[in-house]
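What follows is the residue order along each chain.
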Amino acid sequence: MSRATAPLALAELVRVDPLARGEVAVLPDPAQRVLGVELAETFDRLARTPAHRLVVLHAEAATGGWSLAAALHVAWERGAAGVVVPRPAMSGASALLARRLGTALLVVDDDAVDVALELAARTAAPEAARALRVARCAEELAEQSTVRGVLGVLNAELAPGVVALVTGSSVLAGRAAAVQQREGYREVRMAVNGPGGRAWASLVASLPEAASAVAADVEARSAESVLRLARLPLVAAWAQRRLDTSAQAETERAAFAVLHAAAQRPAGAAAAAPGEPDGGAAGEVPRWSAELGWRIEGVNRAVRLELADAREDDDEPAVELTQLLRAQWSRLRPGWPLVPHEGGWVSWQNTAEEPAPAAARRAAAGLEQLLADHGVVMGVGGGHRGAAGLVRSVEEAGLAVRVGGADAGRVTWFEDVGVRAVLAQVSAPAVAEVAALALPQLAAARDRLVLAETVAAVLDHGGSLVAASAELGVHRNTVLARTARARELGLALDDPAQRLPLHVACHGLVRAWRAAGSG
């Protein structure tokens with residue numbers, strides 16, 4: 001059987017006129033093949049219907065001497081592909097019966113004779129019908145202005161198959177089931193290039209296995225035609241969404257900068273002593289924050305996200321990364337804004353009252369994979385009230401990030417950092433410059449980063465080699481050997497007068513060398 005004569009499936013036939021003008025009441029098997037059309041004017045004609053024919057009931061017959069229920073029973077016994085019924089004869093009980101029998105039931109408003117003639121023409125020329133389907137699908141796609149709308153048309157067109165737009169391993173839109181390996185389903189993939197012809201994403205359709213090789217070829221070609229048509233409106237919709245998202249992100253960035261400045265003590269006022277609570281106007285929540293969907297009243301616990309390999313003099317993260325991160329963040333943490341801020345991103349959880357510590361940890365958990373996928377580290381601040389509390393929590397989260405390290409996916413809590421947060425304020429480049437003078441042998445060593453990390457870990461744990469080896473993931477003897485070599489290079493770990501500056505210097509050197517990618 002050639003592709004041109006491969007019979008239409010019900011799923012294809014209901015997507016073109018005259019059935020596209022009607023209603024699908026029951027469609028248990030969309031892959032059911034239609035080998036012809038029978039106009040049933042009499043019960044005898046219905047009883048002689050060959051298998052795999054689509055039966056069109058004449059209006060007088062369907063509402064006259066024999067009921068639709070009897071026609072459905074006979075159609076089921078004869079193995080008909082389905083029954084097309086005039087709307088006046090349709091009822092809820094008929095749909096229920098068709099569903100129980102597993103028989104397709106389609107409702108039309110046009111004259112039964114005209115419908116039968118049109119359907120006969122469609123089934124006699126399957127490729128012409130498929131061309132009509134593609135043309136109608138192109139019209140529907142052209143009317144869509146959003147990525148979701150385009151994917152909606154594709155999922156309706158290729159049902160019971162499912163379609164998703166993916167980039168790498170991430171699903172940008174559509175049905176996630178399309179990228180899952182499912183028994184009885186096969187995949188059709190279509191590359192989508194963005195502006196400039198660069199590969200941007202892929203459309204992936206997961207289709208049920210066809211009954212034959214010919215049917216599989218026809219369905220794959222039809223799916224490819226539809227997916228190919230969707231590429232242009234998809235790129236246009238994505239470009240529009242990018243413009244909208246970029247504008248929204250910039251608005252939120254500016255709004256947060258205003259909020260940040262307003263929450264600080266007014267210029268010229270006496271500075272509050274460390275530990276003194278802020279008060280007065282600094283704690284007021286601007287009314288415009290509600291227009292952005294932000295909730296600031298109550299307790300705010302902020303998180304700060306940064307690229308793991310970010311440097312102090314780096315530009316802002318790429319716009320595309322911000323868009324992708326915001327989209328995935330909104331799915332994982334709905335209600336938490338994600339605002340670009342000072343080379344990273346800021347988000348926060350807002351609650352009426354301070355949650356229990358365990359509940360707060362649960363709320364911020366489960367993000368490690370997302371962070372690792374995008375090479376991002378996260379710090380979590382404490383819970384504080386109002387706008388000033390939010391700004392304070394953001395600052396705490398930023399300190400936690402800087403102390404926590406540069407391993408992508410790492411989450412560091414300010415409560416766990418404690419006084420080590422002071423180290424986050426150490427200027428790593430300045431420390432590196434001073435260390436080059438004060439510790440020239442260490443600065444010149446090939447394994448300087450490993451030695452500095454080891455000394456910092458040993459001093460973090462009060463000189464305990466066992467605790468340091470557990471933190472570094474190496475054997476105690478390795479730590480012992482590294483500290484011995486550090487002493488040879490002039491690092492006096494046991495000198496009380498040098499221990500504190502050496503501790504600070506090692507932390508600063510580790511940050512500076514990691515950021516520079518050296519060591």
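Residues numbered from 1 in each chain as written. Predicted model: local features only at pLDDT ≥ 70, side-chain atom pairs only at ≥ 80, totals over all residues. Heavy atoms only, no water.

### Concerning helix α5 (residues 92-101)
Put simply, the rule is: Only protein chains enter the calculation, and the probe is 1.4 Å; a residue is then buried if its accessible area is under 20% of its type maximum, exposed if over 50%, and partly exposed in between. Every helix listed is a DSSP run of H or I at least four residues long, and every strand listed is a run of E at least two residues long, numbered separately from the N terminus. Throughout, the arc means the angular range of directions from the helix axis out to the C-beta atoms. The contact criterion used is simple: two residues touch if any of their non-hydrogen atoms lie within 4.5 Å.
The set of residues buried in α5 consists of Ser94, Ala95, Leu97, Ala98 and Leu101. Looking straight down α5, one finds its buried side chains confined to an arc of 165°; they lie on one side. In α5, the exposed positions angled more than 90 degrees off the buried face are occupied by Gly92, Ala93 and Arg100. Lining the buried residues of α5 we find β2 (23-26), α4 (68-77) and β7 (105-108).

### Here we look at the packing of aromatic side chains
Note the following rule: Ring geometry is summarised as follows: Phe, Tyr and Trp rings, the Trp one being its six-membered ring, pair when their centres sit within 6.5 Å, and such pairs are stacked at plane angles under 30 degrees, edge-to-face over 60 and tilted between the two. Throughout this description, the term charge over a ring refers to an Arg CZ or Lys NZ atom that lies within 6 Å of the ring centre and within 35 degrees of the ring normal.
The full count for this structure, using the stated rule, is 4 aromatic pairs. A centroid spacing of 6.4 Å and a plane angle of 70° characterise the contact between Phe256 and Trp294, whose relative ring orientation is edge-to-face. On the criterion of sequence distance, the pair formed by Phe256 in helix α9 (residues 213-263) and Trp294 in the loop between α9 and β12 (299-307) is long-range, its members being 38 residues apart. Residue classification places Phe256 among the buried residues on the basis of a relative accessible area of 0%. Using a relative accessible area of 4% as the deciding quantity, one classes Trp294 as buried. Taken together, the ring pairs in this structure connect Phe256, Trp294 and Trp348 into an aromatic cluster. Against the face of Trp336 rests Arg333, its NZ or CZ located 6.0 Å from the ring centre. The ring centre of Trp413 lies 4.2 Å from the NZ or CZ of Arg361, which sits over that ring.

### Points about the pairing of strand β11 (residues 199-208)
So the rule is basically this: We call two strands paired when DSSP finds no fewer than two bridges between them.
Taking burial as the measure, the 10 residues of β11 include 7 buried ones, the bulk of the element. Two elements, strand β8 (residues 162-167) and β11, share 5 bridges in a ladder whose sense is antiparallel. Looking at the pairing, Val163 lines up with Ala205 of β11. Judged from the 9 bridges that link them, strand β10 (residues 185-193) and β11 form a sheet pairing that is antiparallel. Across the sheet, the residue bridging to Arg189 is Val204, located in β11.

### Quick word on the side chain of Arg15
Put simply, the rule is: Side-chain atoms alone can form a polar contact between residues adjacent in sequence; in general such a contact is a pair of N or O atoms within 3.5 Å, and within protein one must be able to donate a hydrogen while the other accepts it.
Relative to the assigned elements, Arg15 resides in the loop between α1 (10-13) and β2. Here Glu157 takes part through its side chain, which lies 2.7 Å from a polar atom of the side chain of Arg15. Setting aside its immediate chain neighbours within four residues, Arg15 contacts Ala20, Arg133, Arg136, Glu140, Ala156 and Glu157.

### Observations regarding the sheet that holds strand β5 (residues 53-57)
Quick reminder of the rule: Helix axes are fitted to C-alpha atoms over the stretch in contact, other axes to C-alpha atoms as well, and angles between N-to-C directions run from 0 to 180 degrees.
Strand order in the open sheet made by the 5 strands is β2-β7-β6-β5-β4, with mixed pairing throughout. One side of each edge strand has no neighbouring strand; the edge strands of this open sheet are β2 and β4 (36-40). Direction aside, the axes of adjacent strands within the sheet are offset by 25° on average. One ladder, built from 3 bridges, connects β5 with strand β6 (residues 82-86); its direction is parallel. Within the sheet, the bridge partner assigned to Val55 lies in β6 and is Val83. Seen against the sheet, α4 touches β5, β6 and β7 and runs at an angle of roughly 160° to β6. Along the sheet face, α5 touches β2 and β7 and points at about 60° away from the line of β2.

### Brief notes about the sheet that holds strand β15 (residues 376-385)
Pairing in this open sheet of 5 strands is mixed, and the strands run β13-β14-β12-β15-β16 from one edge to the other. At either margin of the open sheet sits one strand with a lone partner, and together these are β13 (339-341) and β16 (411-413). Along the sheet, successive strands turn relative to each other by an average axial angle of 30°, direction set aside. The sheet contact formed by β13 and strand β14 (residues 344-351) spans 3 bridges and is antiparallel. For Val339, the partnering residue across the bridge sits in β14 and is Val346. Relative to β16, helix α11 (residues 357-364) is tilted by about 155°, and along the sheet it contacts β12, β14, β15 and β16.

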